[in-house]
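Summary of the model geometry
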Amino acid sequence: MKKISLAQLKSNHKGKIVEILGGSNLAAKLESMGLYEGKEIAKVSHIGLRGPVVIKAGRSILALGHGVAAKVIVSSE
Amino acid sequence: MIKKIYLLGNPNVGKSVVFSRLTGVQVVSSNYPGTTVGIDSGYLTLKDGRVEVVDLPGTYSLEPSSKAEEVAVSLLKEHPKNEMVVINIVDSTNLERNLLLTIQLIEEGFPVVMCLNMNDEAAHKGVKIDPVKLGGILNVPVVPTCAITGVGIKSLIEKIPDAAQISRKKLSNQERWVEIGNIVETVQTLEHRHHTLRELLEDASVRPISGLLMAGVVIYSAFKLVRFLGESIINKVTDPVFYDLYRPLLETLTQRWHEQGFWFHLLIGDLINGKIDFKQSLGVLTTAPYIEFGMVLPYIISFYLILSLLEDIGYLPRLAVLLDNVLHRLGLHGYAIIPMLLGFGCNVPGILSTRVLESKRERFIASTLISIGVPCVPLQAMIFGLLGAFGGLYVAGVYLVLFSIILILGIILNSAIPGYSPEFLLEIPPYRFPPILVLVKKLYYRVKGFLIEAVPVVLVGVMVINILIYFKLFDYITGFFAPIVHNLFGLPKDAIAALVIGFLRKDVAVGMLMPLGLSAKQLFISAVLLAISFPCVATFFIIWKELGLKSLLKSTAIMIGISIIVGSLLNLLIW
């Protein structure tokens, strides 16, 4: 198990959210959209080098800007 | 006693559709988060009388993290809780995420009725939710509905009086998610489904290579379809009506009129080769209706049909993801593509919908780019009308100039205005296939809205122009601007009147430029100038209203600067 950010996670790989860096504001916002610590997600794609990251969480598909994705830390095999 | 009913739920769960069903008030709904930017209200008749129903912007939580959410939450807290009911609209296909808000609402002591919407879609996806069990656990009435077809709305109305305040222990969000996990486990059964073609397409459209390919195909076919449909309506419907029915009628009616008289000039305008020419006569009864109904309306219909289709399928947020990189350089984020696309129909709703953007800085950049660089349907019809005869290259040229202006101006604004472009965080809806009836209804309301806004202005506009021309009052205005327009842009004095009138409505200006016999180069420059210079009066006011006088003045100064620079450059560069 290693801890990496959503921006670093490879497409088509799964991970479990272990931490959300940055202010409590961002954490609260992500939490209300269903991205909380312990949630399992799967990364769908990454558009360009510094573009948004698309993930699946539960039954939602979410797009996160690169900066946001870099602050979501997941543990992955 | 219920005095108010609020509709609250996560973004894109169909609140506006439920709202229309309850109140009969028609509001636009689309398959992406943030369609409702304002607050709509209407009335529903219950046993005790009429109650006001308020449709609130979507929110994920009662602890707001965006402006739209703040608005929703503060409105909700305005009214005493024992005199209201909150209809919590929940997307059945995504129960887990939606329940956070539900639990917060109950904990805060709001009387809640839960509307399990999109029940049909959930069933289709193999998701089954037991409404009785769910109601039992949460202690609130739960009604499964499918708002788009109207199923369940009647029972929803019947359950409204059953909503009551209940006390529930307040939890932290972390604890709530654990609880939600347990609830979902108990009430929901999932039937395993294999990946469907729809899901494959959903994923492919947000992957870099396949996504860009799809975007190219979608945008190209949308553009082609809009043109094809618009032209078909013109050739098969409107032109035959105007040329075979309306013109003979007008000619018979005005046979005895004196051609030089004031009324003839006002209503019919000038005869071209002894005949009424709808594009050039410039009369209140000739060119004015032809421009609106014969040139612009067909494209308004075809544009909004295609746009509504893309909206309701749920393609636009995917385009936003793909374009996020580019738009970041313009100080915006991907979602700004939605206001921009709306702006291609009419700038006014485009600028209104910039409310989905977070900061004032973004709204200013987006609104300025839309009003300068995004040509609305009337303007595009005008560009085609003026330049179509010279070939597609000229038409494409105008689009190319506008596109370059958007890019360059965006990059400049992004570096000149202090601030940053906020990060993108967006839920992407599943693809849905809207019932034809829903599309037709939406098209009808949009077209109606356009006609109400445009037709009076065009009629009055043409009338005012004719009076000004008849009494030769334009000479004063043209005399003032003549040096700039003539020396810098290489346009004749007569074109000034058209450019000035472009401020009122772009489509009227075409009728004034046509008879001048300009060269291709002059028409090209006029078309570009009309496109980027002052927005029409309606856009002008909407920027004022939405962003304030200071932003309007700044935006206007930018427009004037760019018009002068681009007009002169084109005049120098083109031979």
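What you see is a predicted model; the values in this text were computed from it and never measured.

Let's shift gears to the overall build of chain B. Of the regular secondary structure elements, chain B holds 24 helices and eleven strands. Here the C-alpha atoms of chain B give a radius of gyration of 27 Å, agreeing with the 25 Å that 2.2 N^0.38 yields for 575 residues. The principal-axis extent of the C-alpha atoms belonging to chain B is close to 80 × 55 × 45 Å. Burial statistics for chain B: of 575 residues in total, 46% are counted as buried.

One finds A:Leu64, B:Leu7, B:Val113, B:Cys115, B:Ile337 and B:Ala527 to be the most contacted residues of the largest nonpolar core, which totals 178 residues. Broken down by element, this core gets its largest block of residues, twelve residues, from helix α11 (residues 287–313) of chain B. When residues of this core are assigned to domains, at least three fall in each of domain 1 (4–190) and domain 2 (209–573) of chain B. Aside from chain neighbours lying at most four places away, what touches B:Val113 is B:Val85, B:Ile87, B:Val140, B:Pro141, B:Val143, B:Leu156, B:Lys159, B:Ile160 and B:Ala163.

Once that is clear, we can look at the sheet that holds strand β5 (residues 112–117) of chain B. Residues and elements named next belong to chain B. Reading across the sheet, the six strands line up as β2-β3-β1-β4-β5-β7 and stay open at both edges, with mixed pairing between neighbours. If you trace the sheet from one side to the other, it starts and ends with β2 (40–46) and β7 (142–144), each paired once. Across the sheet, the mean angle from the axis of one strand to that of its neighbour is 25 degrees, orientation sign disregarded. Relative to β5, strand β4 (residues 84–91) runs parallel, the two sharing six bridges. Within the sheet, the bridge partner assigned to asparagine 88 lies in β5 and is methionine 114. Strand contacts of helix α5 (residues 131–138): β5 and β7, with the helix running at about 155 degrees to β7, the strand carrying the most contacts.

So, about helix α1 (residues 15–23) of chain B. All names here are of chain B. Most of α1 is tucked away, with nine of its nine residues classed as buried. Buried within α1 we find Lys15, Ser16, Val17, Val18, Phe19, Ser20, Arg21, Leu22 and Thr23. Taken together, the buried residues of α1 touch β1 (4–9), β2, β3 (49–55), β4, β5 and α6 (153–159). One or two steps after α1, the chain reaches glycine 24, where phi turns positive at roughly 80 degrees.

This brings us to the interface of chain A and chain B. Each partner contributes residues to the interface: chain A has 25 residues there, and chain B has 28 residues. Of all the secondary-structure elements, those providing two or more residues to the side of chain A that touches chain B are α1 (24–32), β3 (40–46), β5 (60–64) and α2 (66–69) of chain A. Of the residues contributing to the side of chain A that touches chain B, the split by class is twelve nonpolar, ten polar and three charged. Bridge count for β5(A) against strand β11 (residues 425–428) of chain B is four bridges, and the pairing is antiparallel. By the bridge assignment for β11(B), A:Leu64 is matched with B:Leu425.

All names here are of chain B. Summarising the sheet, β2 and β3 pair through seven bridges and their orientation is antiparallel. What sits directly across from tyrosine 43, in β3, is glutamate 52. The hairpin turn running from β2 into β3, its antiparallel successor, is two residues long.

Residues and elements named next belong to chain B. Segmentation of chain B into domains returns domain 1 (4–190) and domain 2 (209–573). Contacts between domain 1 and domain 2 engage 13 residues on the former and 20 residues on the latter. In terms of residue class, the side of domain 1 that touches domain 2 is built from six nonpolar, six polar and one charged.

Quick look at helix α24 (residues 549–573) of chain B now. Residues and elements named next belong to chain B. A rise of 1.5 Å per residue sets the reference length of α24, with its 25 residues, at 36 Å; its end C-alpha atoms lie 36 Å apart and thus fit the reference within 8%. Every buried residue belonging to α24 is among Leu552, Ser555, Ser563, Val566 and Gly567, and all of these are buried. Packed against the buried residues of α24 are α15 (360–373), α17 (392–416), α19 (474–489), α22 (520–532) and α23 (537–547).

Strands belonging to one sheet form pairs held by backbone hydrogen bonds; the direction of such a pair is parallel or antiparallel. The seven strands lie next to each other as β1(A)-β6(A)-β2(A)-β3(A)-β4(A)-β5(A)-β11(B), forming an open sheet whose pairing is antiparallel. Taken across any chain shown, the strands that pair with only one partner, and hence form the sheet edges, are β1 (2–5) of chain A together with β11 of chain B. For this sheet, the mean angle separating the axes of adjacent strands, direction not counted, is 40 degrees. With respect to the sheet, helix α12 (residues 316–329) of chain B is in contact with β4 (53–57) and β5 of chain A together with β11 of chain B, its orientation differing from that of β11(B) by roughly 140 degrees.

Now for the confidence of the model for chain B. With 99% of its residues at a pLDDT of at least 70, chain B reaches an overall mean of 90. Scored as a complex, the prediction yields pTM 0.89 and ipTM 0.94.

The next thing to look at is unusual backbone geometry. Keep in mind that most residues, glycine aside, have a negative phi and that most peptide bonds are trans. Residue and element names in this part refer to chain B. Of note in the backbone geometry, asparagine 12 takes a positive phi value of approximately 55 degrees without being a glycine. For asparagine 12, the location among the structural elements is in the loop between β1 and α1. The phi dihedral of leucine 282 is positive, around 60 degrees, even though this residue is not glycine. The residue leucine 282 is located in the loop between β10 (275–276) and α11 in this model.

The subject of this paragraph is the packing of α15(B) against α23(B). Residue and element names in this part refer to chain B. Relative to each other, α15 and α23 sit at 180 degrees, their axes nearing to 11 Å. When the axis of α15 is compared with that of α23, the two are roughly antiparallel. Here Arg363, Phe364, Ser367 and Ser371 of α15 lie close against α23, whose contacting residues are Thr539, Ile543 and Leu547. The residue makeup of the contact of α15 with α23, split by class, is three nonpolar, three polar and one charged.

To continue, consider the packing of α17(B) against α22(B). Residue and element names in this part refer to chain B. The N-to-C vectors of α17 and α22 enclose an angle of 35 degrees; their axes lie 10 Å apart at closest approach. As α17 runs across α22, the sense of the crossing is right-handed. For the pair formed by α17 and α22, the contact residues are Tyr394, Gly397, Val398, Val401, Leu402 and Ile405 on the first element and Ala520, Phe524, Ala527, Val528, Ala531 and Ile532 on the second. When its residues are assigned to classes, the contact of α17 with α22 shows eleven nonpolar, one polar and no charged.

Within a regular strand, side chains alternate between the sheet's two faces. Residue and element names in this part refer to chain A. In terms of burial, β5 is largely enclosed, as five of its five residues are buried. Burial along β5 is two-sided: Ser60, Leu62 and Leu64 facing one way and Ile61 and Ala63 facing the other are all buried. Relative to β5, β4 is paired through five bridges, and the arrangement is antiparallel. If you follow isoleucine 55 over to β5, its bridge partner there is leucine 62. Where β4 folds back onto β5 in an antiparallel hairpin, the turn is made up of two residues, including glycine 58, whose phi is positive at roughly 60 degrees.

Rules used in this analysis
Residues numbered from 1 in each chain as written. Chains lettered and ligands numbered in written order. Predicted model: local features only at pLDDT ≥ 70, side-chain atom pairs only at ≥ 80, totals over all residues. Helix = DSSP H or I, 4+ residues; strand = E, 2+ residues; numbered from the N terminus. Rg over C-alpha atoms; globule rule 2.2 N^0.38 Å. Buried ≥ 20, exposed ≤ 12 C-beta atoms within 10 Å, placed from the backbone. Core = buried A, V, L, I, M, F, W, Y, C linked by C-beta atoms within 7 Å. Domains from an automatic or database assignment. Contact = placed C-beta atoms within 7 Å. Pairing = 2+ DSSP bridges. Axes fitted to C-alpha atoms, helices over the stretch in contact; angles between N-to-C directions. Nonpolar A, V, L, I, M, F, W, Y, C, P; charged D, E, K, R; others polar. Expected span 1.5 Å × (residues − 1). pLDDT = per-residue confidence, 0-100. Parallel < 35°, antiparallel > 145°, perpendicular 65-115°, else oblique. Left-handed = near helix turned anticlockwise from the far one by under 90°.

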